Amino acid sequence: MTDKPEERGNLAMTREGFEGLMNQIANFHHFYGPKPIYDSPEARSRCKYIKYVRPNWDMRDGRCFSIRFDPCGKEFNSGYGETVPLYDQIMEWLNSSRENTP
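Bear in mind that the values here come from a model prediction, so they are computed numbers and not experimental data.

A.B. asks: Can you explain the side chain of Ser96? Please cite residues and give values.
C.D. replies: Along the chain, Ser96 falls in the segment after helix H5 (86-94). What makes Ser96 buried here is its relative accessible area of 15%. Residues in contact with Ser96, not counting those within four places in the same chain, are Arg46 and Lys48.

A.B. asks: Hey, could you go over the pattern of salt bridges for me, with residue numbers and the actual values?
C.D. replies: Tallying each qualifying case throughout the model produces six salt bridges. With a shortest N-O distance of 3.8 Å, Arg15 and Glu19 are connected by a salt bridge. Pair noted here: Arg15 and Glu19 are both in helix H2 (residues 15-28), with a separation of four residues, about one helical turn. The salt bridge involving Glu75 is made with Arg68; its shortest N-O contact spans 3.9 Å. For Glu75, a relative accessible area of 41% gives the class partly exposed.

A.B. asks: How would you sum up the confidence of the model for the chain? Please name residues and give values.
C.D. replies: When the pLDDT values of the chain are averaged, the result is 82; 81% of them are 70 or greater. Element-level mean pLDDT values for the chain span from 42 in helix H1 (residues 5-8) up to 96 in strand E1 (residues 52-58).

A.B. asks: Could you give an account of the sheet that holds strand E2 (residues 63-70), naming the residues involved and the relevant values?
C.D. replies: In spatial order, the strands read E1-E2-E3; together these three strands make up an open sheet with antiparallel pairing. Where the open sheet ends on each side, the last strands, each with one partner, are E1 and strand E3 (74-77). This sheet shows a mean twist of 15° between the axes of neighbouring strands, independent of strand direction. Note that E1 and E2 share seven bridges and pair antiparallel. Within E2, the residue paired with Val53 across the bridge is Phe69. Across the sheet, H2 is in contact with E1 and E2; its angle to E1 comes to roughly 175°.

A.B. asks: Any chance you could break down H2 for me, citing the residues and the numbers?
C.D. replies: Taking 1.5 Å of rise per residue, the 14 residues of H2 would be expected to cover 20 Å, and the 20 Å separating its terminal C-alpha atoms lies within 8% of that figure. Here H2 has its buried residues at Gly17, Phe18, Gly20, Leu21, Gln24 and Ile25. Projected down its long axis, H2 carries its buried residues within an arc of 160°, all on one side. The elements touched by buried residues of H2 are E1, E2 and H5.

A.B. asks: How would you summarise the environment of Gly62 if you had to cite specific residues and measurements?
C.D. replies: Residue position: Gly62 is located in the loop between E1 and E2. Distance in space between the C-alpha atoms of Gly62 and Thr14 is 7.3 Å, their sequence separation being 48 residues.

Rules used throughout
- Residues numbered from 1 in each chain as written.
- Predicted model: local features only at pLDDT ≥ 70, side-chain atom pairs only at ≥ 80, totals over all residues.
- Heavy atoms only, no water.
- Helix = DSSP H or I, 4+ residues; strand = E, 2+ residues; numbered from the N terminus.
- Buried < 20%, exposed > 50% of the residue type's maximum accessible area, 1.4 Å probe, protein only.
- Contact = heavy atoms within 4.5 Å.
- Salt bridge = Lys/Arg side-chain N within 4 Å of Asp/Glu carboxyl O.
- pLDDT = per-residue confidence, 0-100.
- Pairing = 2+ DSSP bridges.
- Axes fitted to C-alpha atoms, helices over the stretch in contact; angles between N-to-C directions.
- Expected span 1.5 Å × (residues − 1).
- Arc of directions from axis to C-beta.

Pasting the structure below:
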């Protein structure tokens with residue numbers, strides 16, 4: 001699933017993109033470590049162990065413009081100066097090694 005900016009008209013994340021993101025976190029990155037990671041060293045190396053997801057929604061257009069993941073404190077924005085869609089920024093981070101997590 002991609003959340004293309006040309007479909008949205010901006011870089012913020014749609015509700016559908018957020019739901020896809022939450023599924024990805026539930027399956028591969030939740031705090032207690034999902035079952036699939038126990039079977040795969042590669043999956044374990046990418047798991048972010050996310051306990052809290054804190055999205056910020058703009059109620060004018062119903063899109064998520066920033067999001068924070070805890071306990072790691074990683075935060076993403078789609079505001080001024082950003083050129084990559086919020087969904088794509090987050091998915092790139094989720095699919096990277098845990099070394100890219102504060």
